[in-house]
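Next come the chains, spelled out residue by residue.
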Amino acid sequence: MSLILYNTLTRTKEAFTPADPARVTMYVCGPTVYNYAHIGNARPAVVFDVLFRLLQARYPKVVYARNYTDVDDKINAAAKEQNIAIEVITRKFMAVYQEDMAALGVLTPTVEPCATHHIAEMVAMIEALVAKGHAYEAEGHVLFNVPSFEGYGQLSGRNRDDMIAGARVEVAPYKKDPADFVLWKPSTPDLPGWDSPWGRGRPGWHIECSAMIEKHLGETIDIHGGGHDLIFPHHENELAQGTCAHGGAPYARVWMHNGFLTMSREKMSKSLGNIKTVHELLADAPGEALRWALLSAHYRQPLDWSDETVTQAKRTLDGAYRALEAVASINAKATQAPAAMLEALDDDLNTPRAMAEIAASVKALNSASDAGEKARLKGELLAAGALLGVLQQNPADWFADQTKAVDGAQIEALIADRNAARKARDFKEADRLRTAIAAIGVVIEDRPDGTTKWRMAE
Ligand code: AMP
Ligand code: ZN
């Protein structure tokens, strides 16, 4: 069966056929590195990681680039506010992002280019746009002239007025058209800047992705991805400048956008102040549970995040790891994921359906009786898990990690207090302590010999 992907550009699901099956190319807009990524920012990283795995299973070579935006006005503002060098901020948060994504089981992309290492390529692309009459210099700025590209608006489907309002573009006097956007802008001595034919300055946001795509992937790429909020203006502008710089060659063949992660149905975003960082969530839950939760909704649908989403994900993974633990002594048969699971992922990355198939595999494994059947089902379950980037840990490690996450001494102390309360026939206090222990996620069992055992709740 072929891989079907929804293309934002054509607004339809299409069979995916790479331009060159020997070298499939994908680019995803990465983070602006000036603070901790929130779990909404992690959604595109995890979603496109599943696509990366799926493509790698089908094609011999997949070149996947995900960038770091390390020059941006928000970074400059953060550096000024904290009175530290820009590089200190960007280096720190790049490392944090890499750690966080690794904890979520996200594979390292083939290339992770930084914008500041590609200034020469950006300048060259801007020069090409000026030479072709698609861009012009005005007061130290270089602007892309939107009316010079007939296809402008095709990705977002916006009309001119919406575009101008949506981009909140500054109607600067030096612009030929209010929709024109910045490719290059002048820098003051206190801001990062590079020499250019237009004086010392820095790039606009959109040009960085186009320059890095050209350098690492080529003029036309197979897949371009990012969050839904990037369709306009960022991707519309990338498409315009990339197409014009390359004499009309298509910029990206398939455009994919993930839906928003929300909290109480509102988009998670720093400006609204309703964020949960990956870093803080990892303190309370295994990365694999966060990953499972992120994939529990179809990537184009909104995903409403709550503590319950994570609890539910952890419970499901506990069940799958328990099934694998029961067959720990049986060697898995080398096999593919079940056909139904592959079909679900091939259908525009239908992860909820793929997860239902994983649940069916777990059930089948639990009820299998002969060893050959168990070896086959275990192999299928592990192969299915590998495509989603889950269930690859040793089950004992999965359960041990969770035991580590709770403070054993604290639980022993609570149990001792409870036993003392029971001895003193203070059953109200004993019940209160039992509830407190349960709240930590621990189940206790009173043994006939008078001792109390504890284990993590399922
Ligand atoms: P930023 O660092 O803000 O440029 O965002 C990095 C990536 O996260 C982009 O692809 C955004 O579209 C995506 N993103 C930001 N907020 C959300 C959200 N609440 N839900 C899903 N994706 C998001
Ligand atoms: Zn981008």
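Residues numbered from 1 in each chain as written. Chains lettered and ligands numbered in written order. Predicted model: local features only at pLDDT ≥ 70, side-chain atom pairs only at ≥ 80, totals over all residues. Heavy atoms only, no water.

### Concerning the overall build of the chain
In terms of regular secondary structure, the chain is built from 16 helices and 15 strands. With the C-alpha coordinates aligned to their principal axes, the bounding extent of the chain is approximately 85 × 55 × 35 Å. For the chain, the share of sequence-separated contacts (at least 6 apart) that also reach a separation of at least 24 residues comes to 75%. For the chain, the exposed area adds up to about 20700 Å²; of that, 51% sits on carbon and sulfur atoms. The average position of the 49 basic charges and that of the 59 acidic charges among the side chains of the chain differ by 5 Å. (Helix = DSSP H or I, 4+ residues; strand = E, 2+ residues; numbered from the N terminus. Contact = heavy atoms within 4.5 Å. Areas by Shrake-Rupley, 256 points an atom, 1.4 Å probe, with all protein chains shown as cover. Lys, Arg positive; Asp, Glu negative; His and termini not counted. Charge placed at Lys NZ, Arg CZ, Asp CG, Glu CD.)

### Details of the coordination of the zinc ion (ligand 2)
Bound to the zinc ion (ligand 2) on the protein side are Cys29 (SG), Cys209 (SG), His234 (NE2) and Glu238 (OE), at distances that span 2.0 to 2.7 Å. Coordination at the zinc ion (ligand 2) is irregular, judged from the four donor atoms that bind it and the angles of 76 to 131° they form at the metal. Positions of the donor residues of the zinc ion (ligand 2) along the chain correspond to the pattern C-x179-C-x24-H-x3-E. Of this pair, Cys29 sits in the loop between β3 (24-28) and α1 (39-58) while Glu238 sits in helix α7 (residues 231-245), and the two are 209 residues apart along the sequence. (Donors = N, O, S within 2.8 Å, 3.2 Å for Na, K, Ca; no water. Tetrahedral: all angles 85-135°; square planar, octahedral: opposite > 155°, others 65-115°.)

### Some thoughts on the domain arrangement of the chain
The parts lose accessible area when they come together, and the size of an interface is often stated as this lost area. Domain annotation for the chain reports domain 1 (4-258), domain 2 (263-401) and domain 3 (408-456). The C-alpha centroid of domain 3 is placed 32 Å from the C-alpha centroid of domain 2. (Domains from an automatic or database assignment.)

### Quick look at the environment of Pro197
Positionally, Pro197 belongs in the loop between β7 (181-186) and β8 (201-203). Residues Pro197 and Gly140 lie 57 residues apart in sequence; the distance between their C-alpha atoms is 9.6 Å.

### Details of the packing of aromatic side chains
For any pair of aromatic rings, the description rests on two quantities: the centre-to-centre distance and the angle between the ring planes. Evaluation of the coordinates by the stated rule reveals eight aromatic pairs. Each ring, one from Tyr36 and one from Phe93, has its centre 5.1 Å from the other, and the planes form 85°; the classification is edge-to-face. Of this pair, Tyr36 sits in the loop between β3 and α1 while Phe93 sits in helix α3 (residues 86-103), and the two are 57 residues apart along the sequence. The class of Tyr36 is partly exposed, set by a relative accessible area of 29%. Ring geometry for Trp184 versus Trp198: centroids 5.9 Å apart, planes at 55°, classification tilted. One end of the pair, Trp184, is in strand β7; the other, Trp198, is in the loop between β7 and β8, and 14 residues separate them in sequence. (Phe/Tyr/Trp six-rings, centres within 6.5 Å; stacked < 30°, edge-to-face > 60°. Buried < 20%, exposed > 50% of the residue type's maximum accessible area, 1.4 Å probe, protein only.)

### Considerations on the sheet that holds strand β6 (residues 141-144)
Strand order in this open sheet of four strands is β5-β6-β7-β8, and the pairing throughout is antiparallel. The open sheet has two edge strands with one neighbour each: β5 (135-138) and β8. Taking the axes of each pair of neighbouring strands and ignoring which way they run, one obtains an average angle of 20° across the sheet. With four bridges joining them, β5 and β6 adopt antiparallel strand pairing. (Pairing = 2+ DSSP bridges. Axes fitted to C-alpha atoms, helices over the stretch in contact; angles between N-to-C directions.)

### Notes on the pairing of strand β9 (residues 221-227)
With seven of its seven residues buried, β9 lies for the most part within the structure. Here three bridges tie β3 to β9, and the two strands are oriented parallel to one another. Considered in β9, the bridge of Tyr27 is made with His224. Note that β9 and strand β10 (residues 252-258) share six bridges and pair parallel. The residue bridging Ile221 from the neighbouring strand is Ala252, located in β10. Each parallel crossover has a hand, and the one from β9 via α7 to β10 is right-handed. (Right-handed = clockwise from strand over helix to strand, strands pointing away.)

### Some thoughts on the sheet that holds β9
Strand order across the open sheet formed by four strands is β4-β3-β9-β10, with parallel pairing between neighbours. The strands lining the two open edges of the sheet, one partner per strand, are β4 (62-66) and β10. For this sheet, the mean angle separating the axes of adjacent strands, direction not counted, is 20°. Relative to β4, β3 is paired through five bridges, and the arrangement is parallel. Residue pairing for β4: Val24 is matched across the bridge by Val62. Where helix α6 (residues 205-216) meets the sheet, it contacts β3, β4 and β9, and its direction lies at approximately 160° from that of β3. Contacts between α7 and the sheet are confined to β9 and β10, with β9 contributing the most and set at about 160° to the helix.

### Let's talk about the pattern of salt bridges
One side chain can pair with another of opposite charge once the charged atoms of both are near each other. Summed over the entire model, instances satisfying the criterion amount to 21 salt bridges. One salt bridge in this structure joins Asp49 and Arg291, with 2.6 Å as the shortest N-O distance. Separated by 242 residues along the polypeptide, Asp49 in helix α1 and Arg291 in helix α9 (residues 287-294) bring together distant segments of the chain. Residues Asp49 and Arg291 agree in their burial class; the two are buried. For Arg434, the salt bridge goes to Asp446, with nearest N and O atoms at 3.7 Å. (Salt bridge = Lys/Arg side-chain N within 4 Å of Asp/Glu carboxyl O.)

### What to know about the packing of α1 against helix α13 (residues 371-388)
Axis separation between α1 and α13 bottoms out at 7 Å; the angle between their running directions is 125°. Looking at the two axes, α1 sits oblique to α13. Here α1 contributes Val50, Arg53, Leu54 and Ala57 to the contact with α13, which in turn contributes Ala386, Leu387 and Leu388. Of the residues in the contact of α1 with α13, the class split is six nonpolar, no polar and one charged. (Parallel < 35°, antiparallel > 145°, perpendicular 65-115°, else oblique. Nonpolar A, V, L, I, M, F, W, Y, C, P; charged D, E, K, R; others polar.)

### A look at the site of ligand 1
As a structural note, the neighbourhood of ligand 1 is formed by 17 residues, with Gly40, Gly227, Asp229, Leu261 and Met268 the closest of them. Between ligand 1 and Asn258, the relevant distance is 3.3 Å, taken from a nitrogen atom to a side-chain nitrogen or oxygen of the residue. Between ligand 1 and the protein, one listed contact pairs a nitrogen atom with a backbone N or O atom of Leu261 at 2.8 Å. Within the complex, the protein chains bury 88% of what would otherwise be the 490 Å² of accessible surface of ligand 1. Secondary structure elements with two or more residues in the shell around ligand 1: α1 and β9. Examining the composition of the shell around ligand 1, we find that three residues originate from one element, α1, more than from any other. (Near = heavy atom within 4 Å. Polar contact = N/O pair within 3.5 Å; in protein donor to acceptor, adjacent residues only side chain to side chain.)

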